[in-house]
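Read off the chains here:
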Amino acid sequence: MSVRVRFAPSPTGYLHIGGLRTALYNFLFARHHGGRFVLRIEDTDRTRYVPGSVEDILASLRWAGLEPDESPVHGGQYGPYVQSERTEIYRHHAAMLVERGMAYYAFDTPDELERMRQRQQAAGIAPRYDRSAMRNQFTLGEDETARLLAAGQPATIRLKVPLHGDVKFHDAIRGAIVVPYKDIDDQVLLKSDGFPTYHLANVVDDHLMAITHVIRGEEWLPSTPKHVLLYEAFGWTPPQFAHLPLLLNPDRSKLSKRHGDVAVRDYIAKGYFPEALVNFIALLGWNPSGDRELYTLDELIEAFSLEDVNKAGAVFDLAKLDWMNAQYLHRRVQTDLGSLIQQLRPLLSERGWNASDDYIGRVIVLVHERIHRLPEVVEFADYMFVPPRYDEEFFRTVWDDQSETLLRNLSSVIETTDPFTAEELHRRLNQFAAEKSIPFRRIGNLLRLAVTGKRVGAGMMDTIALLGKDETLRRIASLLSSVATLQGSPASDSDVEAQPS
Ligand code: GLU
């Protein structure tokens, strides 16, 4: 039997990192086994529907390279792939279960159900539908049930859970699971408005879409006994189940917005590479081998197996994602600088900055080892595109009485440096430092202040060589003419403080 798996998100908002991990594992499993990867939209709960979610899910999957084989947009022979377009199918199947004696009609109003819950709470028993005491096919009898249905009384269809025995199933990650029937509620399958609940629609679709493996988040594990029961009630063979470990915040609470971004689109916007996010997410709960960390999508497909998925929750470590993204940035600088230039250009244009492709490329090469994400170039190396803003604290640590003279001398050295390369600059400035017995670090700091305005940056000689002689001389002159202002501002502050009140 060929492998068919599905990713079945509900369109209740942007695709979450956890959703991407589920989609990825399904995708890897399908590709590893030469099977099919299906995207099904589970939109039966119309109250939770958020417009735009389906588009975001599709766009995020496409960005990550997880193109479904069958979906609402890709089509396929098992469609429609949107549950709201399949309501007739669910009604038919619910009715089928009633006919087989595996489900029954119930006519309880929300108030009656609420009173039942309160009675159970007061008696200290777990809230569960009380088949023997409520208004349903069993307590009312067949004739009365038929009469009420004919009269158009609102009715739900509930699953008739056996009173004795256990549900047993095997989970590829958690092993054998046994749940006593008495712990399972007579789940509503079809609501009185004719719409199915998640449980009915999910099971019917997995069966009709010939899904062989259900790979989904651990939060669905408590629903699985009901699903297995439904397969039994229909007389169908259940698929294999695999419930993926939870994603955790660093404090081991469930991954949440409070600790950082959870929507895939936020990571896209921050400039993470799809191959980095995919690589990172693949290792959240799955470890193919000891310490290897970097895998291409093809390598992930090759290595993936459900047996290597962990039971324990996986901590989402942003620092590791950043590290990984930096590794891919280094690779891309080597192999695909052109696409990096194209990605960075709009971010520069947004700020009204302009430069040639060649120049942008050299800036990326210059700074890429000091950043994790390409868009960081904009903050980190703003001075490569616009005149520097001087960090006053850095100015105060660097500047002293001799700085002005020293800077004028450095200006002359730079002016006469030819060819204007990092090596030649280094040689000439070193020579100058030796002649004047000035520590080279002092020269470096002073030039850094003039050229970049801040303490942290890429290699100084490379930076100056790339900016060019004219621009460097202009910046030195500009710092010299700003000294009075830079010295003035903090002094006047302390003057004010010193005033007697
Ligand atoms: N619609 C469910 C969700 O939003 C799908 C759960 C499942 O995969 O069965 O995650």
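Refer to the structure above for everything that follows.
Given the structure is predicted, the values throughout are model-derived calculations rather than measurements.

### Focus: the overall build of the chain
Next up, step 1: Along the backbone of the chain there are 21 helices and 11 strands.
Next up, step 2: Out of the 501 residues in the chain, the part that is buried amounts to 50%.
Next up, step 3: Within the chain, counting contacts between residues at least 6 apart in sequence, those at least 24 apart form 73% of the total.
Next up, step 4: In the structure as shown, the chain presents an accessible area of about 24,100 Å², 50% of it carried by carbon and sulfur atoms.
Next up, step 5: In the chain, the 57 positive side-chain charges and the 68 negative ones have mean positions that sit 2 Å from each other.

### Focus on the nonpolar core
Next up, step 1: In this structure, Met384 and Phe385 are the most contacted members of the largest nonpolar core, which totals 112 residues.
Next up, step 2: Examining the composition of this core, we find that nine residues originate from one element, helix 1 (residues 17-32), more than from any other.
Next up, step 3: With sequence-adjacent residues up to four places away left out, Phe385 is seen in contact with Leu348, Trp353, Ala355, Tyr359, Ile360, Val363 and Val377.
Next up, step 4: The next biggest cluster of nonpolar side chains, apart from the first, holds 34 residues, and it includes Tyr90, Phe169, Tyr181 and Leu200.

### Some words on the environment of Leu163
Next up, step 1: Relative to the helices and strands, Leu163 resides in the loop between strand 4 (156-159) and strand 5 (166-171).
Next up, step 2: Judged by its relative accessible area of 61%, Leu163 is exposed.
Next up, step 3: Sequence separation of Leu163 and Pro180 is 17 residues, and the distance between their C-alpha atoms is 9.0 Å.
Next up, step 4: Not counting the four nearest positions on each side in its chain, Leu163 is found in contact with Arg131 and Lys182.

### A look at the packing of helix 17 (residues 403-415) against helix 18 (residues 422-436)
Next up, step 1: Contact geometry for helix 17 and helix 18: axes closest at 10 Å, N-to-C directions at 140°. Comparing the axis directions of helix 17 and helix 18 gives the class oblique. The two elements helix 17 and helix 18 cross, and the hand of that crossing is right-handed. Contact residues: helix 17 offers Leu406, Asn409, Leu410, Val413 and Ile414, while helix 18 offers Leu425, Arg428, Leu429 and Phe432.
Next up, step 2: The residue makeup of the contact of helix 17 with helix 18, split by class, is seven nonpolar, one polar and one charged.

### Observations concerning the pairing of strand 4
Along a regular strand, successive side chains alternate from one face of the sheet to the other.
Next up, step 1: Residue alternation in strand 4 divides its side chains into two sets, Thr156 and Arg158 and Ile157 and Leu159, and both sets are buried.
Next up, step 2: Here four bridges tie strand 3 (residues 103-106) to strand 4, and the two strands are oriented antiparallel to one another. Across the sheet, residue Ala106 finds its bridge partner in strand 4, namely Thr156.

### Notes on the site of the ligand
Next up, step 1: The environment of the ligand is formed by Arg6, Ala8, Pro9, Ser10, Glu42, Tyr198, Asn202, Arg216 and Trp220.
Next up, step 2: Contacts to the ligand include Asn202, whose side-chain N or O atom sits 3.0 Å from an oxygen atom.
Next up, step 3: Within the contact set of the ligand, an oxygen atom lies 3.4 Å away from a side-chain nitrogen or oxygen of Trp220.
Next up, step 4: In isolation the ligand exposes 290 Å². Once the protein is present, 85% of that is buried.
Next up, step 5: The pocket occupied by the ligand, as judged from atoms lying within 2 Å of grid points, is the largest pocket.

### As for the layout of surface pockets
Next up, step 1: The computed volume of the largest pocket comes to approximately 810 Å³.
Next up, step 2: Considering the residues around the largest pocket, the lining is formed by 32 residues, among which His16, Gly18, Gly19, Glu219 and Trp220 are closest to the centre.
Next up, step 3: Contributing elements (two or more residues each) for the lining of the largest pocket: strand 1 (4-7), helix 1, helix 7 (198-208) and strand 8 (213-217).
Next up, step 4: At five residues, the largest contribution of residues to the lining of the largest pocket is made by helix 1.
Next up, step 5: When grouped by side-chain class, the residues that make up the lining of the largest pocket number 14 nonpolar, 10 polar and eight charged.
Next up, step 6: Along its surface, the second largest pocket is lined by 22 residues, and Thr44, Asp45, Thr197, Tyr198 and His199 are the ones closest to its centre.
Next up, step 7: Class assignment of the residues belonging to the lining of the second largest pocket gives a composition of six nonpolar, seven polar and nine charged.

The rules behind each value
Residues numbered from 1 in each chain as written. Predicted model: local features only at pLDDT ≥ 70, side-chain atom pairs only at ≥ 80, totals over all residues. Heavy atoms only, no water. Helix = DSSP H or I, 4+ residues; strand = E, 2+ residues; numbered from the N terminus. Buried < 20%, exposed > 50% of the residue type's maximum accessible area, 1.4 Å probe, protein only. Contact = heavy atoms within 4.5 Å. Areas by Shrake-Rupley, 256 points an atom, 1.4 Å probe, with all protein chains shown as cover. Lys, Arg positive; Asp, Glu negative; His and termini not counted. Charge placed at Lys NZ, Arg CZ, Asp CG, Glu CD. Core = buried A, V, L, I, M, F, W, Y, C linked by side-chain atoms within 4.5 Å. Axes fitted to C-alpha atoms, helices over the stretch in contact; angles between N-to-C directions. Parallel < 35°, antiparallel > 145°, perpendicular 65-115°, else oblique. Left-handed = near helix turned anticlockwise from the far one by under 90°. Nonpolar A, V, L, I, M, F, W, Y, C, P; charged D, E, K, R; others polar. Pairing = 2+ DSSP bridges. Near = heavy atom within 4 Å. Polar contact = N/O pair within 3.5 Å; in protein donor to acceptor, adjacent residues only side chain to side chain. 1 Å grid on protein atoms, 1.4 Å probe; cavity = no way out; pocket = protein on both sides within 12 Å on 5 of 7 lines; lining within 4 Å. Sits in = over half its atoms within 2 Å of the grid points. Points joined across faces, edges and corners; volume = space filled by probe spheres on them.

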